[in-house]
Amino acid sequence: AIGFDTFVDNVTKTLYDNSNLTYFNVYGTITADNGGVITNIFPGVEVSKPTGVWAYDSQYTQYWIPGFTYNFAAVVDGDVDVDATTGMPTTISTDMKAQNDVLYSTESRHFGTNDTAAKVSFQFAHLLSKAKFTVKNGIVNGQNFVYNVESINITNADKEAKYDVAT
């Protein structure tokens, strides 16, 4: 069966990293080498790891078939619009007030007659991350000053974000 594995890239002070990512949604297509029809095999299926191993509902189980090309996309926390023909993501959007940490990854693989059934390894990149603010003072060690930051204002920031997968 087709299985999945993950790696979260560029971890800073974001919501998700390799230790606490608990789910993602996977989209996938299969195309025959002879130019056959693109078939959607993973229509935004949720993949989670309730037992420490990435798994998905068995009703969506798919198997590697020699002579086919597989394309996958995985999304965490974004609202996904899909292509009506392929079912693959076209845009990923979010309301930034929700403060989601939106992740995205793609993988492609041709499965030949001599290939073995390895897991699809998604290397997630951050499309949108929370901001971290650090306030530093110039006080010399030993001096006893306390600074109270009462507010930080961000002005002219976007309120919505939309990622166009094609571009």
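Residues numbered from 1 in each chain as written. Predicted model: local features only at pLDDT ≥ 70, side-chain atom pairs only at ≥ 80, totals over all residues. Heavy atoms only, no water.

Q: Break down the overall build of the protein for me, citing the residues and quoting the values.
A: Secondary structure assignment for the protein yields zero helices and 10 strands. Going residue by residue from the N terminus, the α and β elements of the protein occur as β-β-β-β-β-β-β-β-β-β. By the compact-globule yardstick of 15 Å for 167 residues, the protein is too spread out, its C-alpha radius of gyration being 21 Å. In terms of its C-alpha atoms, the protein occupies a principal-axis envelope of roughly 75 × 35 × 25 Å. Burial analysis of the protein (167 residues in total) assigns 30% to the buried set. (Helix = DSSP H or I, 4+ residues; strand = E, 2+ residues; numbered from the N terminus. Rg over C-alpha atoms; globule rule 2.2 N^0.38 Å. Buried < 20%, exposed > 50% of the residue type's maximum accessible area, 1.4 Å probe, protein only.)

Q: With reference to specific residues and values, describe the sheet that holds strand β1 (residues 4–8).
A: The seven strands are arranged β1-β9-β8-β5-β2-β3-β4 in an open sheet whose pairing can be described as mixed. Since the sheet does not close on itself, it has two edges, and those belong to β1 and β4 (55–56), each with one partner. Here two bridges tie strand β3 (residues 39–48) to β4, and the two strands are oriented antiparallel to one another. Residue Val47 lies in a different strand from β4, and its bridge partner there is Tyr56. (Pairing = 2+ DSSP bridges.)

Q: Explain the side chain of Thr94 to me, and be specific about the residues and the numbers.
A: With respect to the secondary-structure elements, Thr94 resides in strand β7 (residues 89–95). In contact with Thr94, other than residues within four places in its own chain, are Asp77, Asp79, Asn100, Val102, Leu128, Lys159, Glu160 and Ala161. (Contact = heavy atoms within 4.5 Å.)

Q: How would you sum up the sheet that holds β7? Please name residues and give values.
A: Across the sheet, three strands lie side by side as β6-β7-β10; this open sheet has antiparallel pairing. Lying at the two open borders of the sheet, with one neighbouring strand each, are β6 (79–82) and β10 (160–164). The sheet shows a mean angle of 20° between the axes of neighbouring strands, direction not considered. Of the pairings in the sheet, the one linking β7 to β10 comprises five bridges and is antiparallel in character. Paired with Asp95 across the two strands is Glu160, which belongs to β10. (Axes fitted to C-alpha atoms, helices over the stretch in contact; angles between N-to-C directions.)

Q: Please set out a nonpolar patch on the surface residue by residue, giving values where relevant.
A: On the surface, a nonpolar cluster with roughly 500 Å² of combined accessible area is contributed by Phe133, Val135, Val149, Ile152 and Ile154. Considering the arrangement of structural elements, one finds Val149 in the loop between β9 (120–128) and β10. (Patch = residues over 30% accessible without salt bridge, like charges linked within 9 Å, V, L, I, M, F, W, Y side chains within 5 Å. Areas by Shrake-Rupley, 256 points an atom, 1.4 Å probe, with all protein chains shown as cover. Salt bridge = Lys/Arg side-chain N within 4 Å of Asp/Glu carboxyl O.)

Q: Tell me what's going on with the environment of Tyr23, and back it up with residues and numbers.
A: Its place among the elements puts Tyr23 in strand β2 (residues 23–32). Along the backbone, Tyr23 and Val76 are 53 residues apart, and their C-alpha atoms lie at a distance of 7.2 Å. Not counting chain neighbours up to four residues away, the residues in contact with Tyr23 comprise Tyr16, Glu46, Val47, Ser48, Trp54, Val76 and Asp77. Of note is the side chain of Tyr23, whose polar atom sits 2.5 Å from the side chain of Asp77. (Polar contact = N/O pair within 3.5 Å; in protein donor to acceptor, adjacent residues only side chain to side chain.)

Q: Please provide a residue-by-residue account of the packing of aromatic side chains, values included.
A: Across all of its chains, the model carries 16 aromatic pairs by this definition. Taking 6.1 Å as the distance between ring centres and 35° as the angle between the ring planes, the aromatic pair formed by Phe122 and Phe124 counts as tilted. For the residue pair Phe122 and Phe124, the accessibility class agrees, reading buried in each case. Here the aromatic cluster, defined as three or more aromatic residues joined through ring pairs, consists of Phe4, Phe24, Phe42, Trp54, Tyr56, Trp64, Tyr70, Phe72, Phe111, Phe122 and Phe124. Above the ring of Trp64, the side-chain terminus of Arg109 is found at 4.7 Å from the ring centroid. (Phe/Tyr/Trp six-rings, centres within 6.5 Å; stacked < 30°, edge-to-face > 60°. Lys NZ or Arg CZ within 6 Å of the ring centre and 35° of its normal.)

Q: Give me the lowdown on unusual backbone geometry, citing residues and values where you can.
A: Of note, Asp77 is a non-glycine position whose phi angle comes to about 70°, a positive value. By secondary structure assignment, the location of Asp77 is in the loop between β5 (68–76) and β6.

Q: Lay out a negative patch on the surface in plain terms, naming residues and giving numbers.
A: A surface patch of negative charge is lined by Asp79, Asp81, Asp95 and Glu160. Looking at the element boundaries, Glu160 is found in strand β10. (Lys, Arg positive; Asp, Glu negative; His and termini not counted. Charge placed at Lys NZ, Arg CZ, Asp CG, Glu CD.)

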